[in-house]
Amino acid sequence: MRLAAALLLALAACKSATPSNEVTGTLTLEGATVTVTKCRPERGADGVYVVLETPKSALRFEGKKLWWNRDDPEGFAPGAALECKRLDRSWGGGSRLDGTSYWRGTLSFECSDGPKTATGDLTLDCGNITPEERASLDAQRTKLRDEQKAAGSGSAAP
């Protein structure tokens, strides 16, 4: 009897995903709300990307594209990026000398590949960002916004 109870508890623990404290917001895969259990920033050939682990595998945001591959814990299959009606993002990140990375930003998306659908509105703060890194990200964001304002404030010729 004790063994049966222990097995039931273990099974319940496997089904209930512990949410990552680095991610807030909502994520839906194939119509079901899922929990992001881990936010993993990594460094690739084209810079920093982020992998969001869930009980249904992983999503990967890299190079202005979103991937979801149910059979791959990295959420990545070359050439299999999802088609997105909406993929709004604002982010910053970097790599450290020790090889670790960090990623902070927002992802708001509505994407699919046939029956595979992924929608989300997420805020991410991943990789144990230090106060110095946070200050650098804040400065980069301010600089970008200032440049965007300056580019949009030109006057039209009569």
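Quick look at the structure, then. Being a predicted model, the structure only gives us computed values, none of them experimental.

## Some points on the overall build of the chain
In terms of regular secondary structure, the chain is built from two helices and nine strands. When the elements of the chain are put in sequence order from the N terminus, they spell out α-β-β-β-β-β-β-β-β-β-α. Here the chain, with 158 residues, has 34% of them falling under the buried criterion. Taking as baseline every contact in the chain between residues at least 6 positions apart, the subset at least 24 positions apart corresponds to 43%. For the chain, the exposed area adds up to about 9,900 Å²; of that, 54% sits on carbon and sulfur atoms.

## Quick notes on the packing of aromatic side chains
Evaluated as defined, the whole model comprises two aromatic pairs. Measuring from ring centre to ring centre gives 6.1 Å for phenylalanine 61 and tryptophan 103, while their planes differ by 80°; the resulting arrangement is edge-to-face. Separated by 42 residues along the polypeptide, phenylalanine 61 in strand β5 (residues 57-62) and tryptophan 103 in strand β8 (residues 101-113) bring together distant segments of the chain. Assessed through its relative accessible area of 3%, phenylalanine 61 is described here as buried. Since its relative accessible area comes to 0%, tryptophan 103 is described here as buried.

## Examining the pairing of strand β3 (residues 38-44)
Here β3 pairs with strand β4 (residues 47-54) via seven bridges, running antiparallel. Residue pairing in the sheet places lysine 38 in a bridge with glutamate 53 of β4.

## Some points on the state of the cysteines
Counted under the stated rule, the structure contains two disulfides. Each disulfide pairs two cysteine sulfurs, and for cysteine 39 the partner residue is cysteine 126, the sulfurs being separated by 1.7 Å. The sign of the 90° torsion about the S-S bond sets the cysteine 39-cysteine 126 disulfide as right-handed. Note that cysteine 39 is positioned in strand β3 and cysteine 126 in strand β9 (residues 116-126), a separation of 87 residues in sequence. By relative accessible area, cysteine 126 is classed as buried at 0%. One disulfide in the model links cysteine 84 with cysteine 111; its S-S distance is 2.0 Å. Handedness of the cysteine 84-cysteine 111 disulfide follows from its S-S torsion of about 100°: it is right-handed. With cysteine 84 in strand β7 (residues 83-95) and cysteine 111 in strand β8, this residue pair connects regions lying 27 residues apart in the sequence. Look at cysteine 84 and you get partly exposed, because its relative accessible area is 30%.

Calculation notes
Residues numbered from 1 in each chain as written. Predicted model: local features only at pLDDT ≥ 70, side-chain atom pairs only at ≥ 80, totals over all residues. Heavy atoms only, no water. Helix = DSSP H or I, 4+ residues; strand = E, 2+ residues; numbered from the N terminus. Buried < 20%, exposed > 50% of the residue type's maximum accessible area, 1.4 Å probe, protein only. Contact = heavy atoms within 4.5 Å. Areas by Shrake-Rupley, 256 points an atom, 1.4 Å probe, with all protein chains shown as cover. Phe/Tyr/Trp six-rings, centres within 6.5 Å; stacked < 30°, edge-to-face > 60°. Pairing = 2+ DSSP bridges. Disulfide = S-S within 2.5 Å.

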